[in-house]
Amino acid sequence: MRLSQYFLPTLKETPAEAQIVSHRLMLRAGLVRQMSAGIYAWLPLGYRVLKKIEQIVREEQDASGAQEVLMPTIQSADLWRQSGRYDAYGPEMLRIVDRHEREMLYGPTNEEMITTIFRDAVKSYRDLPRNLYHIQWKFRDEVRPRFGVMRGREFLMKDNYSFDLDKAGAIHSYNKMFVAYLRTFARMGLKAIPMRADTGPIGGDLSHEFIILADTGESAVFCDKSLVDKDILGRAIDFDGDLQPTVNEWTSLYAATDEMHDQARFEKEVPADRRVAARGIEVGHIFYFGTRYSKPLNAVVAGPTGESIAVEMGSYGVGVSRLMGAIIEASHDAQGIVWPDSVAPFKVGLINLKPDDGAVTGACQTLYAKLSAAGVETLYDDRDQRGGAKFADMDLIGLPWQVIIGPKGVAAGKVEVKNRRTGQREEMAPEALLARFGA
RNA sequence: CGGGGCGUAGCUCAGCCUGGUAGAGCGCUUGCCUUGGGCGCAAGAGGCCGUCGGUUCGAAUCCGGCCGCCCCGACCA
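Residues numbered from 1 in each chain as written. Chains lettered and ligands numbered in written order. Predicted model: local features only at pLDDT ≥ 70, side-chain atom pairs only at ≥ 80, totals over all residues. Heavy atoms only, no water.

### Structural notes on the packing of helix α2 (residues 44-64) against helix α6 (residues 167-187)
Now for step 1: Put simply, α2 and α6 touch, their axes get as near as 9 Å, and they point 150 degrees apart. Judged by the angle between their axes, α2 and α6 are roughly antiparallel. The interaxial crossing formed by α2 with α6 has right-handed handedness. On α6, the residues touching Ile56, Val57, Glu59, Glu60, Gln61 and Ser64 of α2 are Lys176, Met177, Ala180, Tyr181, Arg183, Thr184 and Arg187.
Now for step 2: In terms of residue class, the contact of α2 with α6 is built from 5 nonpolar, 3 polar and 5 charged. (Axes fitted to C-alpha atoms, helices over the stretch in contact; angles between N-to-C directions. Helix = DSSP H or I, 4+ residues; strand = E, 2+ residues; numbered from the N terminus. Parallel < 35°, antiparallel > 145°, perpendicular 65-115°, else oblique. Left-handed = near helix turned anticlockwise from the far one by under 90°. Contact = heavy atoms within 4.5 Å. Nonpolar A, V, L, I, M, F, W, Y, C, P; charged D, E, K, R; others polar.)

What follows is the structure, encoded as structure tokens:
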């Protein structure tokens, strides 16, 4: 993409409305614009990142055996009356009346709907287990939206729902999600730590929050440092095999949020040099809740001997749009965002230091064409701007690699490569650069 | 939902207390200059001062209603 043609409205100054760093950077780097309190429009660069985050979530869900569906944003009030949550949910639910005076709502979650879909279609234990997910916009009318997309009213969420015949099966489904989440967040360059959680209004007796560590996190968290150091991506995972040992490996070590924290236990179980007291941001939450919805909504199947069995369920959420804020909180510096490779909107930012110099521009265009042809996502800054402005913008938007081409380098047959995260610079021939990026 | 604050140019803000029809910096446009870290010079464009009403000869400024946004707390993916 040529920057001269790209819609990328960066800001030199920080908008007054933004307080926390990720919100400021998202506004300044031209990723989003606020349309109302807690409601954002995604601009081209931000939308690219959102789609990358979404895709990683999708790939890991698919790998675990979950199947993607897409349910509507608007639901009927009747559906929610059946589970008893219509009145219980309170003013957080955005209620709508259509032209026929039918009561509708903008869905804050989908347990009722998916349970109904499942109930109407599945009648036999032979059709279990199933795990269905979707990635859809949700709305919760928060009293006080804040922190940009991290606590918006409208947000993109991956939520899924598992259906099993018995509790053992449901626990296995739960474990699959547990491991899939470890992998999902690790692929985004995050250190996500599962912490035993309060099950809250969704109900149930087994639940974990996945929390990433960031200095600006919303709540205090405590854990064993060994958890931070664990690596899930290096392992081969068999989702059909026994995942309990893997889950146990993570859950056996101390990890707790503020409200579940027990200082005495913490000090007893974790050696002083491994005690981590930090701030965290919740990016995922998994629940096992048994028959909490299957019973009131009559989601039953016929068992092997013909008896009716209410299915055992769990639900699992990932805050997709929130993750963008969380990733920035966890990965930025004074100059701007530092995207992890896997979610970066472009891999390479190509800077033309002297657009009116034929040799420089020629070298840039050749390189840009070759990188693009090889599938290396490249944002080419061909604007008629001074070098300083280009460096500042490129640092702000945080692409992992900057390739800088100026008259001196071209004369010497070299281009300069800068690593955004480390700041390390290297000069090399264009061919070497292409080889480096696999082009 | 309790408490507090703010709405003036695209952005950050001054002006308001002590009423007389609007300013700065950045950004934008044009020209010159410059070209490795938001450079310099010059000339421009751009605002019914959130909105409705009241007071007044006269309101960005004083008073009231409404709308919007932000912060602290309670609440939450």
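### Notes on the packing of helix α1 (residues 21-28) against helix α10 (residues 320-330)
Now for step 1: The geometry of α1 relative to α10 is characterised by a closest axis approach of 8 Å and an angle of 105 degrees between their N-to-C directions. Between α1 and α10, the crossing angle belongs to the class labelled roughly perpendicular. Taking contact as the criterion, the partners of Val21, Ser22, Leu25 and Met26 in α1 are, on α10, Met324, Gly325, Ile328 and Glu329.
Now for step 2: For the contact of α1 with α10, the residue count by class is 5 nonpolar, 2 polar and 1 charged.

### A short note on the sheet that holds strand β23 (residues 425-428)
Now for step 1: Within the open sheet, the 5 strands sit side by side as β20-β19-β21-β22-β23. Their pairing is mixed. Where the open sheet ends on each side, the last strands, each with one partner, are β20 (378-381) and β23. Between one strand and the next, the sheet's axes are offset by a mean angle of 20 degrees, whatever the strand orientation.
Now for step 2: In this sheet, strand β22 (residues 415-419) lies alongside strand β21 (residues 401-405) in antiparallel orientation, the contact comprising 4 bridges. Across the sheet, residue Ile404 finds its bridge partner in β22, namely Glu416.
Now for step 3: Against the sheet, helix α11 (residues 358-373) contacts β19 (348-352), β20, β21 and β22, and its axis sits at roughly 165 degrees relative to β19. (Pairing = 2+ DSSP bridges.)

### Considerations on the protein's contact with RNA strand B
Now for step 1: Around RNA strand B lies a shell of 38 residues, among which Arg144, Gly152, Glu282, Asp395 and Arg425 are the nearest.
Now for step 2: Considering RNA strand B, the proportion of its atoms within 4 Å of the protein that are sugar or phosphate atoms stands at 41%.
Now for step 3: Arg322 places a side-chain nitrogen or oxygen 3.4 Å from a sugar or linking oxygen of RNA strand B.
Now for step 4: Of all elements in the fold, only β1 (32-36), β13 (275-290), α12 (387-397) and β22 reach the threshold of two or more residues within the surface near RNA strand B. (Near = heavy atom within 4 Å. Polar contact = N/O pair within 3.5 Å; in protein donor to acceptor, adjacent residues only side chain to side chain.)

### What to know about the domain arrangement of chain A
Now for step 1: Domain assignment breaks chain A into domain 1 (3-337) and domain 2 (346-436).
Now for step 2: Computed from C-alpha atoms alone, the centre-to-centre distance between domain 1 and domain 2 is 38 Å.
Now for step 3: Each side of the interface is counted separately: domain 1 has 17 residues, and domain 2 has 14 residues.
Now for step 4: Considering only the surface of domain 1 that becomes buried against domain 2, Leu3, Arg48 and Ile337 emerge as the three largest contributors, covering 38% of it.
Now for step 5: Between Glu377 and Arg48 there is a salt bridge, with the nearest N and O atoms lying 3.0 Å from each other.
Now for step 6: Summed over the shared surface of domain 1 and domain 2, the number is 11 residue pairs in polar contact (both at pLDDT 80 or more).
Now for step 7: Contributions of two or more residues to the side of domain 1 that touches domain 2 are made by α1, α2 and β18 (336-337).
Now for step 8: When residues of the side of domain 1 that touches domain 2 are assigned to their parent elements, the largest contribution, 3 residues, is made by α2.
Now for step 9: Here the residues of the side of domain 1 that touches domain 2 sort into 8 nonpolar, 5 polar and 4 charged. (Domains from an automatic or database assignment. Buried area = accessible area lost by both parts, 1.4 Å probe. Salt bridge = Lys/Arg side-chain N within 4 Å of Asp/Glu carboxyl O.)

### Some points on the side chain of Asp381
Now for step 1: Examined against the element boundaries, Asp381 turns out to sit in strand β20.
Now for step 2: Take Asp381: its relative accessible area is 0%, and that puts it in the buried class.
Now for step 3: Looking at Asp381, its side chain comes within polar contact range of the side chain of Arg383, at 2.9 Å.
Now for step 4: In this structure, Asp381 is in contact with Leu3, Leu350, Ile351, Asn352, Lys390 and Met394, ignoring residues within four places of it in sequence. (Buried < 20%, exposed > 50% of the residue type's maximum accessible area, 1.4 Å probe, protein only.)

### Considerations on the pattern of salt bridges
Now for step 1: Taken as a whole and assessed by the stated rule, the structure comprises 30 salt bridges.
Now for step 2: Here Arg81 and Glu103 are joined by a salt bridge, their closest N and O atoms 2.9 Å apart. Of the two residues, Arg81 sits in helix α3 (residues 77-83) while Glu103 sits in strand β6 (residues 103-106), which places them 22 residues apart along the sequence.
Now for step 3: Its relative accessible area of 38% is what places Glu103 among the partly exposed residues.
Now for step 4: Ionic contacts of the salt-bridge type, sharing partners, join the residues Glu59, Glu60, Arg183 and Arg187 into one network.

### Side note on the pairing of β21
Now for step 1: Counted residue by residue, β21 has 5 buried out of 5 residues, so it is predominantly covered.
Now for step 2: Of the two faces of β21, the one holding Trp401, Val403 and Ile405 and the one holding Gln402 and Ile404 are both buried throughout.
Now for step 3: Where β19 lies against β21, 5 bridges are found, and the strand directions are parallel. Each bridged residue has a counterpart across the sheet, and for Asn352 the counterpart in β21 is Ile405.

### Regarding unusual backbone geometry
Now for step 1: Leu128 connects to Pro129 through a cis peptide bond whose omega is -5 degrees.
Now for step 2: Relative to the helices and strands, Pro129 is located in the loop between α5 (111-121) and β7 (130-139).
Now for step 3: Despite not being glycine, Glu101 shows a phi value in the positive range, around 65 degrees.
Now for step 4: Relative to the elements of secondary structure, Glu101 occurs in the loop between β5 (94-97) and β6.

### Notes on the pairing of β13
Now for step 1: The pairing of strand β10 (residues 206-213) with β13 spans 8 bridges and is classified as antiparallel. The residue of β13 that forms the bridge with Ile211 is Glu282.
Now for step 2: Pairing geometry for strand β11 (residues 219-224) and β13, over 6 bridges, is antiparallel. Across the sheet, Phe222 pairs through a bridge with Ala277, a residue of β13.
Now for step 3: One ladder, built from 6 bridges, connects β13 with strand β16 (residues 312-319); its direction is antiparallel. Directly across from Gly284, in β16, lies its bridge partner Val318.

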